[in-house]
Amino acid sequence: ASEHKYRVAVAGLQQRLGPSHPRTISARLNLAELFHAMHQYDKSISELRETIAVVKKFRPDDAAMEARCKSCLGEALLTAGQANEALPMLTESSSTLRRLQGDDHPHTLQSRLNLGRALLASHRDAKAIEHLRAVHAGYSRRLGVKHPKTQAVQDELSRLTGASKK
């Protein structure tokens, strides 16, 4: 039922605003996230690839939107067990988002978190820990040390480094 509602919403936005309107693109990202949450990774990946193609075609100068879409695709690929394919996508999107939106922007932090996890899956632990520490510092500054996202990254770092929780 939810999938149908999202598809209808995306179709309506495409018709009213066009395929390249930021609200249409955001709706497509939400649809992809719904597929991801439902463990329908192939559908999520497909939707994200199509969305990236639209952004490249109709919004070639919108590097931040393309990077955000690529970050979402990287996360979907990582979750689907395709870390090697996710790694270059997350490396590029993290770099672009850091440059355009800053180190502490929520999209940048999410992209770097997923990059760290992709690096772990690729057995590049030292580089992964470096990114996870940067995400932890960003979440601490932005959300506070008691926030669940900050604590989750701290727990992940503690497991990786064998350190006790701060």
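Residues numbered from 1 in each chain as written. Predicted model: local features only at pLDDT ≥ 70, side-chain atom pairs only at ≥ 80, totals over all residues. Heavy atoms only, no water.

**Observations regarding the packing of helix H2 (residues 22-37) against helix H4 (residues 63-79)**
Interaxial distance between H2 and H4 falls to 11 Å at its minimum, and their mutual angle equals 10°. Here H2 is positioned roughly parallel relative to H4, judged by the angle of their axes. The segment H2 lies against H4, with Pro22, Ile25, Ser26, Leu29, Glu33 and His36 engaging Met65, Arg68, Cys69, Cys72, Glu75, Ala76 and Thr79. Residue composition of the contact of H2 with H4, by class: 7 nonpolar, 3 polar and 3 charged. (Axes fitted to C-alpha atoms, helices over the stretch in contact; angles between N-to-C directions. Helix = DSSP H or I, 4+ residues; strand = E, 2+ residues; numbered from the N terminus. Parallel < 35°, antiparallel > 145°, perpendicular 65-115°, else oblique. Contact = heavy atoms within 4.5 Å. Nonpolar A, V, L, I, M, F, W, Y, C, P; charged D, E, K, R; others polar.)

**Re helix H6 (residues 106-121)**
Counted at 1.5 Å a residue, the expected span for H6 with its 16 residues is 22 Å, and the 23 Å between its end C-alpha atoms agrees. Those residues of H6 hidden inside the fold are in contact with H4, helix H5 (83-101), helix H7 (125-143) and helix H8 (148-161). Backbone geometry just after H6 places histidine 123 at a positive phi near 65°. (Expected span 1.5 Å × (residues − 1).)

**Looking at the packing of H7 against H8**
Two numbers describe how H7 lies on H8: the axes approach to 9 Å, and their chain directions differ by 155°. Judged on the interaxial angle alone, H8 and H7 are roughly antiparallel. Crossing hand, H7 versus H8: left-handed. Contacts from Ile129, Leu132, Arg133, Val135, His136, Tyr139, Ser140 and Leu143 in H7 reach Lys149, Thr150, Val153, Gln154, Glu156, Leu157, Leu160 and Thr161 in H8. By residue class, the composition of the contact of H7 with H8 is 8 nonpolar, 5 polar and 3 charged. (Left-handed = near helix turned anticlockwise from the far one by under 90°.)

**Comments concerning the state of the cysteines**
Scanning the model with the defined rule gives 0 disulfides in all. Sulfur of cysteine 69: no disulfide; nearest cysteine sulfur belongs to cysteine 72 and is 6.6 Å away. Note on cysteine 69: relative accessible area 0%, which makes it buried. (Disulfide = S-S within 2.5 Å. Buried < 20%, exposed > 50% of the residue type's maximum accessible area, 1.4 Å probe, protein only.)

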